[in-house]
Amino acid sequence: MTDKPEDSAFKLLSSRKTLVMATVDKNGAPSVSYAPFVGRAPPLYVYTSSLSRHTRNMMQTAKASIMFIEDETRTRNFFARKRFTCQCSVESVGRETKEWRAAMLLFRKKFGRVFEMIRPLPDFILFRLIPGGGLYVRGFGQAFEVTPDMKNSKHVTGDSKRT
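A brief look at the structure comes next.

### Observations concerning the overall build of the protein
Piece 1. Check the secondary structure of the protein and you find four helices and eight strands.
Piece 2. In the protein, the succession of helices and strands from N to C terminus is α-β-β-β-α-β-β-α-α-β-β-β.
Piece 3. Radius of gyration (C-alpha) of the protein: 16 Å, near the 15 Å computed for a compact globule of 163 residues.
Piece 4. On the principal axes, the C-alpha backbone points of the protein span a range of 50 × 35 × 30 Å.
Piece 5. For the protein, the proportion of its 163 residues judged to be buried stands at 36%.
Piece 6. The long-range fraction of contacts in the protein, counting pairs at least 24 apart against all pairs at least 6 apart in sequence, stands at 61%.

### Overview of the pairing of strand 6 (residues 124-137)
Piece 1. Counting buried positions along strand 6 yields eleven of 14 residues, so the element is predominantly enclosed.
Piece 2. In this structure, strand 3 (residues 44-49) lies alongside strand 6, joined through six bridges in antiparallel fashion. From the neighbouring strand, Val46 faces strand 6, where its bridge partner is Phe127.
Piece 3. Sheet topology note: the strand 5 (residues 83-93)/strand 6 ladder contains ten bridges and is antiparallel. Looking at strand 6, one finds that Arg83 is bridged to Val137.
Piece 4. Bridge count between strand 6 and strand 7 (residues 143-146): four bridges; the pairing is antiparallel. What sits directly across from Tyr136, in strand 7, is Phe144.
Piece 5. The turn linking strand 6 back onto strand 7 is made up of five residues, and Gly139 within it adopts a positive phi angle of 155 degrees.

### Regarding the packing of aromatic side chains
Piece 1. Applying the stated rule across the entire model yields six aromatic pairs.
Piece 2. Ring centres of Tyr47 and Phe115 lie 5.7 Å apart, and the angle between their planes is 55 degrees; on these two criteria the pair is classed as tilted. Linking Tyr47 in strand 3 with Phe115 in helix 4 (residues 114-118), this pair joins segments that are 68 residues apart in sequence. Summarising the burial analysis for this pair, Tyr47 and Phe115 share the class buried.
Piece 3. With a centroid separation of 6.1 Å and an interplanar angle of 25 degrees, the aromatic rings of Phe107 and Phe111 are classed as stacked. One end of the pair, Phe107, and the other, Phe111, are both in helix 3 (residues 98-111), four residues apart, so they sit about a helical turn from each other.

Thresholds applied
- Residues numbered from 1 in each chain as written.
- Predicted model: local features only at pLDDT ≥ 70, side-chain atom pairs only at ≥ 80, totals over all residues.
- Heavy atoms only, no water.
- Helix = DSSP H or I, 4+ residues; strand = E, 2+ residues; numbered from the N terminus.
- Rg over C-alpha atoms; globule rule 2.2 N^0.38 Å.
- Buried < 20%, exposed > 50% of the residue type's maximum accessible area, 1.4 Å probe, protein only.
- Contact = heavy atoms within 4.5 Å.
- Pairing = 2+ DSSP bridges.
- Phe/Tyr/Trp six-rings, centres within 6.5 Å; stacked < 30°, edge-to-face > 60°.

So this is what it looks like as C-alpha cells:
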C-alpha cells in the first residue's frame, strides 16, 4: 500500500454512508447499531430518534464508539477487514441553529429526498460526534493510531503501549 494510513482511513470513512455505533446506558449496559452520518472529517453528525437506545444513551453519557468497516464483498480476508474505530465525545446540536441547518443540508445532499421525510420529525436529534483519535487497521500487522484531525498516524506494534 502506498497510501499513508491516515489517508487510507479517510478514504474508508468517505466511502461509507453509515457508521456502526456503540453506546452504553447510565448502568453500563452496551448497545450497538448503525446510523447514517454526514461529515468528511471531524466532527461527524448523526440524526437519531429519541425513541432509540442510542439517543437516550448519548444524552445520558455524552459518549459513543464508532466504526467504519470495509464491505464484506470487497475484502480479501475476513480476518483482516480494513476498519477505523474511535471513541467520541457527543454533543447535541440545537434545532434550527446555523450548525443544525448546515448539517441538514449535508444529509439532504448525501441521502436525497428520503431525508426530507425524516428531517421534520420532532423526535429526531442531531448529534455532533467528536473523535478523540482512532485506530485504523488495514491488514495483519498494519494497525495505526490516527490523530483526532486524521492528519497523522503512528504504527502500533507489539511493543506499543495502548491505553
